[in-house]
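# Residue-level structure breakdown
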Amino acid sequence: MRKKYLLLFCLAITLLCSIINYTAPIGVLADAAAEIAMELSTGTVLSESNADCKLPMASTTKIITAIIIIEDCDLDEILTVDDKAIGVEGSSIYLKRNEEIDVRDLLYGLMLRSGNDSACALAIHHSGSVEKFVETMNARVKEMGAESTSLKNPSGLPDNDHYTTARDLCKIACYAMKNPIFKEIVSTKNYVGKFRSYANKNKMLYNYEGANGVKTGYTVKAGRCLVSSAERDGMDVVAVVLNCYDMYARSEKIFDNCFSAYKLLKIDKNRVFMSGRVLCKLPSEEVLVVKNSDAVRYEVKPLATGTKINKGDLIAELEIYDANGLLFKGNLYSIIDN
């Protein structure tokens, strides 16, 4: 009987160890703990799962650090590396004591090589200390629409109070990707600067058609994290996967699904519509995300009732429908006197 219980105990331990050491087989897509995909220009959510779950995000934190530096600093300024940035834990570009380097080369080291020492040096350059920079980070992400994010450092090193959601991180990435300097940095495969040269770690740039960013991340606590972006046929999609074993394959699958299911519908501000006998148009270009499988229907609904209409008068509303209902409603203004 004792041998029987011992055998059962050993089998249980073996099973537990196999679970702990499990890795996804080649060719199998492991689910992300959280994920989301958004169309860049409109912020339209194309797919999501557990997108509001608060999770650590490792070095994808550096997206926030980078966009703040780009917006606030002179990228050609040369600085002397602060001693506090030497020998920082984790991934590094191996900054040396009293080394002189410009902000631009630090930024590329931050985003292409994920240098934690670079993040520290940039934070101190911006705010005088890492602690002050973190205060700026927390304030700025709120302005970017991230309401469920808490930041404790500029690099993504583990901290119980350092977290985000897939939705927040995607909003931040969409904001950053609209900045041409940021987009140029994260889409660069190989960089040669005045002081340093780097090759980009992000395999999406090499393996997926149309990929143009953004940032990888990994810690034991956060797992494998990836924020990526890709453009096809004029539509740019930003995807986030958090704690995803096969983050590249999963992100590619998300992109494939989004590009096959959706497209952009652009309504030029000079496109003319008719409200009765009056020519009219929208005040600005409108961009909508529509399903490839759905037909789109336009309806012009007159508002003006008087006989005299002047150029610029609000005379109608434009409504656009797909199979699921109303997609867009906007005002139409007369383009001629009537």
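Each chain carries its own residue numbering, running from 1 in the written order of its sequence. Per-residue local features of the predicted model are confined to residues with pLDDT of at least 70, and side-chain atom pairs are confined, for both listing and counting, to 80 or more; whole-chain, interface and lining totals are unaffected and use all residues. With hydrogens and water excluded, all non-hydrogen atoms of the structure serve as input to the side-chain values.

## Comments concerning the environment of Asn 207
Every helix listed is a DSSP run of H or I at least four residues long, and every strand listed is a run of E at least two residues long, numbered separately from the N terminus. In this fold, Asn 207 is placed in helix α8 (residues 204-207). In the structure, Asn 207 is positioned 45 residues away from Glu 252 in sequence and 9.1 Å away in space, judged by C-alpha atoms.

## Description of the confidence of the model for the chain
As a general rule, the predicted coordinates of low-pLDDT regions are not to be interpreted in detail. For every residue, the predictor reports its confidence as pLDDT, a number between 0 and 100. Of the residues in the chain, 90% reach a pLDDT of 70 or more, and the chain-wide mean stands at 91. This model gives residues 9-28 a pLDDT under 50, and the stretch forms four contacts once residues within four places in sequence are excluded. Whether two residues are in contact is decided by their heavy atoms: any pair within 4.5 Å suffices.

## Notes on unusual backbone geometry
Here the residue pair Gly 213 and Val 214 is connected by a cis peptide bond, since its omega of 15° sits within 30 degrees of zero. One non-glycine residue, Ala 58, lies in the positive phi region at around 50°. With respect to the helices, strands and loops of the structure, Ala 58 is situated in the loop between β2 (45-49) and α2 (62-72). Under the scheme applied here, a residue whose accessible area is under 20% of the maximum for its type counts as buried, over 50% as exposed, and between as partly exposed, the area being computed with a 1.4 Å probe on protein chains only. On the basis of relative accessible area, Ala 58 is assigned to the buried category, the value being 2%.

## Focus: the sheet that holds β2
In a beta sheet, neighbouring strands pair by backbone hydrogen bonds and run either parallel or antiparallel. If you trace the five strands from one edge of the open sheet to the other, you get β2-β1-β9-β8-β7, paired in antiparallel fashion. The open sheet is flanked by β2 and β7 (211-219), the only strands paired with a single partner. For this sheet the average axis-to-axis angle between neighbouring strands, irrespective of direction, equals 5°. Pairing geometry for strand β1 (residues 34-39) and strand β9 (residues 235-242), over six bridges, is antiparallel. Strands qualify as paired when DSSP identifies two bridges or more between them. To obtain each axis, a line is fitted to C-alpha atoms, and for helices this fit is confined to the stretch in contact; angles are then taken between N-to-C directions over 0 to 180 degrees.

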